[in-house]
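Report on the structure
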Amino acid sequence: MDPGFLKQGEATSTRCDELESLRKRGCSSTKVENPRGSQRALKNKAVTNRNKGEGKLRPEDITQVQPQKLTLSLRSGEPQSFNLKFKRAEDYPIDLYYLMDLSYSMKDDLENVKNLGTHLMLEMSKITTDFKIGFGSFVEKTVMPYISTTPAKLLNPCTGDQNCTSPFSYKNVLKLTSNGQEFNTLVGQQHISGNLDSPEGGFDAIMQVAVCGEHIGWRNVTRLLVFSTDAGFHFAGDGKLGGIVLPNDGKCHLENNMYTMSHYYDYPSIAHLVQKLSDNNIQTIFAITEEFQPVYKELKNLIPKSAVGILSANSSNVINLIIDAYNSLSSEVILENSKLPEGVTIMYQSRCKNGVTGEGEMGRKCSNISIGDEVSFTIRITAKQCPKMGKPETIKIKPLGFNEEVEITLNFICECDCHKDGIENSDICHNGNGTYECGACRCNEGRIGRQCECSTNEVTSEDLDKSCRKDNGTDICSNNGDCVCGTCECKKRENPEERYSGMFCECDNFNCDRSNNKLCGGHGHCECRVCICDANWTGSACDCSLDTTTCLASNKQICNGRGTCECGTCKCTDPKFQGPSCEICPTCPGVCTEHKECVQCRAFGTGEKKDTCERDCSYFNLIKVKDRDKLPQPGQAFPLMHCKERDANDCWFYYTYAVNKTEKEVHVVETLDCPAGPDIIPIVAGVVAGIVLIGLALLLIWKLLMIIHDRREFAKFEKEKMNAKWDTGENPIYKSAVTTVVNPKYEGK
């Protein structure tokens, strides 16, 4: 509301902005109109806590939904939330209306239904002490081709000697009553009728039961409609076969408890039935034969709060069917709302039994609810825009099948409170040509300008346009605005944070230099396309920090004494040193030994640091290569150190260590270079062969020496033998042992 808030060239609409944005632009909190939404409960009666034996209450004294009435003030875009409680009351009254198909195929079923009243009253007394039952029947529209219109067939549509009553569309036989015997008596007086085609006119009957509340006797309690048939159904459009083209009007047409307009109005559509059943809080139970189960299950999916039960061939199981269907329907609560005003949305969140929650469509309902269980729903209503008229609207939220509802009055906040204090025909607005409100002029019809100083007829004047051209150029308001009364009013941007300004809309706050994809690096603000930096920041994009703490090395020196601090980053003057504080020297001696253990544990899972590897050795990026040829080679843009280290198994591993900008990179050969182990078999074979060969050689040498020795001894013997001198003297004692005898007859020839 500050009159001096707008800058040169800014439109009056610039006053409307987000709260934080207005504060940044210098608007005092006392000058900001910021109305907030609110809510107020007008009727908030607590849900009824009552047990079955505590005495009878009137239906209107039982509360199952809380709150009952409230009013919401909605500001556009600001949601209002409230909690809705639902609790199934003990001993809640029930109205049940039995609607039966009396075509000829249901003859045996009618016999079993005749005693339904007293038996059902007995069973339902276990659920509630306040139960009423009614009965109605239907056949078909009383026109061709649905029935035969010959006089004889109109009196008795059945063949042979069967005695049937005249066909009819719908008959309300018994209004809701708590007298089960009366039900048995009246139903016992009913007779079967007949028709020609297989589908029946049940939809006509359902419509009349739903809308003829006074004739049926519906109370504001749980309303059950049991629809019993063994055939399909006609729906909207089928009436054309009988020449009936008028759509069903959804109104009550009962005279003397008979539907009198079946020949005039078409069958209702499914959607029409859904609307009327919902409007009148009627829950439908389809008791049908097994043959038509698929058809009615599809119909059940279209009608909320409805159930399907399989009827035996003669309806003998109808009581159990009704009890089971009622328990199924009453154990589920589904919220629905009336039509919402344009621009209003509603969201549901359920908190059901056993802590089960749901959102979206599932947030509308809770299942498996027993009598006495309490569930809650959080309902959030949001107005996306102000309605055209801005008048209060009323919506209703109710659980399907229940007569209770929450009535919500929606009030829309479309203007600030300061509009009420506006000064009409104020002198501030150029001699009374407008209303001065909220710090600005709202011009009267035919006037325009910030102070309503111009007539609309003067807006396009050439003389006025001249003052909107910068330096006598051709562009009016720099093509960023409109010339109004000789003054530029700058265009608005889609992003409310972005705006044009200046006398000629030549300035803006979004076309300054950027750093890290942020306007003015996130350390300043843009004024007329120039960054105005915060303290300790400089540069065209405010991306240069004047703070030197980020340049301090571990020895508390700036850049370790080996560089200069520029924009919060060290520029190392010694090319051997790198890193954010010029402390890293990848080519200095000892680098390989320093990183050996970490490279070993990360690459091969071995070494002294294998147990603490993740904690101590995550300071570099490890890249594995297949062989030494793949390692980075000298000549890179950053210093590189080649390392060769040996592990405890005498295996060599090769790696390089480098610092690429601020990233430490280690390239390591993924396989170890280990010395080959000895081949045992050749060694053993060689040793054995060597021993054998040495033995043989020793034997040969010994043999050779023995031969040489023997020959020398023999030669010596021979020599001594030749030199020996023997004594030839005879022993005188010696006598020869040889005797020579001469043959006398030998002549010596």
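Residues numbered from 1 in each chain as written. Predicted model: local features only at pLDDT ≥ 70, side-chain atom pairs only at ≥ 80, totals over all residues. Heavy atoms only, no water.

With respect to the overall build of the protein chain
For the protein chain, the count of helices and strands is 14 helices and 39 strands. Expected size for 749 residues packed as a compact globule is a radius of gyration near 27 Å; at 56 Å, the protein chain overshoots this value by more than 25%. By its C-alpha atoms, the protein chain is 200 × 115 × 55 Å across when sized along the principal axes. Looking at the 749 residues of the protein chain, the share that counts as buried comes to 42%. Considering only contacts within the protein chain whose residues lie at least 6 apart along the sequence, 60% involve residues at least 24 apart. When the accessible surface of the protein chain is totalled, it reaches about 42,100 Å², and 50% of it is carbon and sulfur. Distance between charge centroids for the protein chain: 6 Å, based on 87 positive and 99 negative side chains. (Helix = DSSP H or I, 4+ residues; strand = E, 2+ residues; numbered from the N terminus. Rg over C-alpha atoms; globule rule 2.2 N^0.38 Å. Buried < 20%, exposed > 50% of the residue type's maximum accessible area, 1.4 Å probe, protein only. Contact = heavy atoms within 4.5 Å. Areas by Shrake-Rupley, 256 points an atom, 1.4 Å probe, with all protein chains shown as cover. Lys, Arg positive; Asp, Glu negative; His and termini not counted. Charge placed at Lys NZ, Arg CZ, Asp CG, Glu CD.)

Some points on the packing of helix α3 (residues 116-124) against helix α10 (residues 318-330)
A packed helix pair is summarised by two numbers, namely the angle formed by the two axes and the spacing between the axes. Between α3 and α10, the shortest axis-to-axis distance is 10 Å and the interhelical angle comes to 35°. In terms of crossing hand, the pair formed by α3 and α10 is right-handed. Counted together, Leu 116, His 119, Leu 120, Glu 123 and Met 124 of α3 and Val 318, Ile 319, Ile 322 and Ile 323 of α10 form the full contact between these two elements. The residue makeup of the contact of α3 with α10, split by class, is 7 nonpolar, 1 polar and 1 charged. (Axes fitted to C-alpha atoms, helices over the stretch in contact; angles between N-to-C directions. Left-handed = near helix turned anticlockwise from the far one by under 90°. Nonpolar A, V, L, I, M, F, W, Y, C, P; charged D, E, K, R; others polar.)

What about the side chain of Thr 284?
Following the sequence through the fold, Thr 284 ends up in strand β11 (residues 282-288). If we skip the residues at most four places from it in the chain, Thr 284 touches Leu 225, Leu 277, Lys 305, Ser 306, Ala 307 and Leu 329.

Digging into the pattern of salt bridges
If you walk through the whole model with that rule in mind, you get 16 salt bridges. As a salt-bridge pair, Glu 123 and Lys 126 come within 3.5 Å of each other at their nearest N and O atoms. Take Glu 123: its relative accessible area is 28%, and that puts it in the partly exposed class. Within the structure, one salt-bridge network assembled from shared partners comprises Asp 95, Asp 130 and Arg 219. (Salt bridge = Lys/Arg side-chain N within 4 Å of Asp/Glu carboxyl O.)

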